[in-house]
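Here is what each chain is made of, one letter per residue.
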Amino acid sequence: MTFGESAQNLPRLRFPEFWDAEEWEEGRCRDIATVHSGYGFPDRFQGVKQGQYPFYKVSDISRVAERGCTYIREANNHIDIATLNKIRAKTVPSGTVIFAKIGEAIRSNRRAIMTIPAVIDNNTAGLKSKKNLSSDKFIFYLWSNVSLMDYAGGVVPAVSKSALENVRLCYPHDLEEQQKIADCLSSVDELIEAQEQKIHLLRDYKKGLMQQLFPQEGEAVPRLRFPEFENAGEWEYDQIGNIASITKGKGLSKTDLAKEGETPCIRYAELYTLYGAVIHEIVSSTNVPEESLVLSQAHDIIIPASGETKQDIARAACICPKRVALGGDINILRSNLHGPFFSYALNGPLRHTVARFAQGDTVAHLYSKQISQVNLAYPAWSEQQKIADCLSSVDDLIETQGQKLDALRDHKKGLMQQLFPVH
């Protein structure tokens, strides 16, 4: 491949065998692909676990795309041949690229290639490459450069079949060049998918490890114990309210944040987006005077006081640094336990228990009174530290693999920008 100045209809990066090939063609989607529309099925015809044809919805596409996958192989719903005939619906051929055509989902432009003939719902559309003009994989990557919002209309964004057929595209005539581009990007996608799978397996490993390193409900010792603690006896068992003080943070609005503020701070919303079970570095800061703030001590545990769901709110984080300002809607637990151990215990075996204590349906709330009633099992401090160090090492490995995944995604993004003309 070589870099060069990009003509209007030429990519900046082209494979050597195509350096002297003609400029790419400007045309319409209908020139190289057939547009397939989905069907609106009554609820009574959906949800069949087994059937001849998979039935795909926008949520199925999103789930595949979130995992970094190209192909959609599994479906939550199926349609049998009798229902298909009754509704007079048609299947979409294998190799079709499917994507959302209505609602906010069209902004993300997530898409997947079907591996077998299937049925798609009316919020979804598909593109099937035309023989001798394009390939399925090339259409998949070419479509990522399309902003469907530019073709959408209505109060709820929606793209009609006619609008899809008239989407402007730029592509090479040579099928070999199309295939070369698709193969290049597909190889990167395979690396991304493998990396995603590696992270998924590490998370499963950690989940299983936590189930072994902490006692099950009603038990006094864990099923897996480090050799030096095998004869250490049963764990202590008490309510959190008896072993920890529970206080609240103090309101910190978004406008209180400062790019280079004097005091590091954490707002409750950041617990959902920025932090895991153990916090070593603080992202945000503020210049609000310290006398107006609630500051942490080293190894304090923080838990959101409100959230969208009871399960979502049941999360904890140990703050390793001291003197971190803690915003409102944050519960602060302070004890003599090893902080990271306390956090892992709350995020692992006790998470479902904490969720059961949360109140509210539309918005979940978790108050100090409820947290104080949760029963916690814990060993001697040295064993607490050993367990926390073990789980922290797995977390470090997951983070490292996550950084590799981010690097692969950035690499692919850069390739996409170079392999397709800029308009």
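Please read all numbers here as calculations on a predicted model, not as lab measurements.

A count of helical and extended segments in the protein gives 14 helices and 24 strands. Out of the 423 residues in the protein, the part that is buried amounts to 48%. Partitioning the contacts of the protein with sequence separation of at least 6, the portion at a separation of at least 24 is 76%. Each charge class in the protein was averaged separately, 48 positive and 53 negative side chains, and the resulting centres sit 6 Å apart.

So, on to the packing of helix α7 (residues 175-213) against helix α14 (residues 381-419). For the pair α7 and α14, interaxial distance at closest approach is 10 Å and the crossing angle is 165 degrees. Taken together, the axes of α7 and α14 lie roughly antiparallel to each other. For the crossing formed where α7 meets α14, the hand is left-handed. When its residues are assigned to classes, the contact of α7 with α14 shows 23 nonpolar, four polar and nine charged.

Once that is clear, we can look at the sheet that holds strand β7 (residues 77-79). Sheet architecture is open: three strands sit in the order β7-β5-β10, paired in mixed fashion. Either end of the sheet is taken by a strand with one partner, and the two such strands are β7 and β10 (119-120). In the sheet, strand β5 (residues 53-56) pairs with β7 via three bridges, with the strands oriented antiparallel. Of the residues in β7, the one forming a bridge with Pro54 is His78.

Here we take up the nonpolar core. Grouped together as the largest cluster of nonpolar side chains are 89 residues, with contacts concentrated most on Trp143, Phe214, Ile240, Leu346 and Phe420. For this core, the element with the highest residue contribution is α7, accounting for eleven residues. Filtering out sequence-adjacent residues up to four positions away, Leu346 remains in contact with Ile240, Ile301, Ile303, Ala316, Leu333, Arg351 and Val354. Formed by twelve residues, the second largest nonpolar core is a distinct cluster that contains Tyr56, Ile72, Val92 and Ala118.

Turning next to the environment of Ala158. If you trace the backbone, Ala158 turns up in the loop between α5 (136-142) and α6 (161-165). Given the relative accessible area of 27%, Ala158 is considered partly exposed. Measuring from C-alpha to C-alpha, the distance between Ala158 and His78 comes to 25 Å, with 80 residues separating the pair along the chain. Residues in contact with Ala158, not counting those within four places in the same chain, are Lys101, Ile102, Tyr151, Ala152 and Gly153.

Counted by the stated rule, this structure contains one cavity of 30 Å³ or more. Reported here for the largest cavity is a volume of approximately 60 Å³. Along its surface, the largest cavity is lined by Val58, Ile61, Ser62, Phe99, Ala100, Ala105, Ile106, Ser108, Asn109, Arg110 and Leu148. At the level of secondary structure, the elements contributing two or more residues to the lining of the largest cavity comprise α2 (58-66), β8 (97-100) and α4 (105-108).

Turning our attention to the sheet that holds strand β15 (residues 263-266). With respect to topology, three strands assemble into an open sheet ordered β17-β15-β21, the strand pairing being mixed. Two strands lie at the open edges of the sheet, namely β17 (284-286) and β21 (325-326), each paired on one side alone.

Below, the discussion takes up the packing of helix α11 (residues 339-347) against α14. The geometry of α11 relative to α14 is characterised by a closest axis approach of 8 Å and an angle of 70 degrees between their N-to-C directions. Considered as vectors, α11 and α14 are oriented roughly perpendicular to each other. The handedness of the crossing between α11 and α14 comes out as left-handed. When α11 is examined against α14, the residues Pro340, Phe341 and Tyr344 are found in contact with a partner set consisting of Gln384, Ile387, Ala388, Leu391, Ser392 and Asp395.

Taken as a whole and assessed by the stated rule, the structure comprises eight aromatic pairs. Taking 6.0 Å as the distance between ring centres and 90 degrees as the angle between the ring planes, the aromatic pair formed by Trp24 and Phe420 counts as edge-to-face. Here Trp24, found in the loop between β2 (13-14) and β3 (25-28), pairs with Phe420, found in the segment after α14; they are 396 residues apart in sequence, far enough to count as distant. Overall, Trp24 belongs to the buried group, its relative accessible area being 3%. Pairing Phe214 with Trp235 gives two aromatic rings, centres 6.3 Å apart and planes at 80 degrees, and the pair type is edge-to-face. With Phe214 in the loop between α7 and β13 (236-239) and Trp235 in the loop between α7 and β13, the pair connects residues that are 21 residues apart, well separated along the chain. Each member of the pair Phe214 and Trp235 is classed as buried. Through a chain of ring-to-ring contacts, the aromatic side chains of Trp24, Phe138 and Phe420 assemble into a single cluster. In this arrangement the basic side chain of Arg111 is found over the ring face of Phe140, its NZ or CZ atom lying 4.3 Å from the centre.

What counts, and at which threshold
Residues numbered from 1 in each chain as written. Predicted model: local features only at pLDDT ≥ 70, side-chain atom pairs only at ≥ 80, totals over all residues. Heavy atoms only, no water. Helix = DSSP H or I, 4+ residues; strand = E, 2+ residues; numbered from the N terminus. Buried < 20%, exposed > 50% of the residue type's maximum accessible area, 1.4 Å probe, protein only. Contact = heavy atoms within 4.5 Å. Lys, Arg positive; Asp, Glu negative; His and termini not counted. Charge placed at Lys NZ, Arg CZ, Asp CG, Glu CD. Axes fitted to C-alpha atoms, helices over the stretch in contact; angles between N-to-C directions. Parallel < 35°, antiparallel > 145°, perpendicular 65-115°, else oblique. Left-handed = near helix turned anticlockwise from the far one by under 90°. Nonpolar A, V, L, I, M, F, W, Y, C, P; charged D, E, K, R; others polar. Pairing = 2+ DSSP bridges. Core = buried A, V, L, I, M, F, W, Y, C linked by side-chain atoms within 4.5 Å. 1 Å grid on protein atoms, 1.4 Å probe; cavity = no way out; pocket = protein on both sides within 12 Å on 5 of 7 lines; lining within 4 Å. Points joined across faces, edges and corners; volume = space filled by probe spheres on them. Phe/Tyr/Trp six-rings, centres within 6.5 Å; stacked < 30°, edge-to-face > 60°. Lys NZ or Arg CZ within 6 Å of the ring centre and 35° of its normal.

Don't take any of this as a statement about function, it's just geometry.
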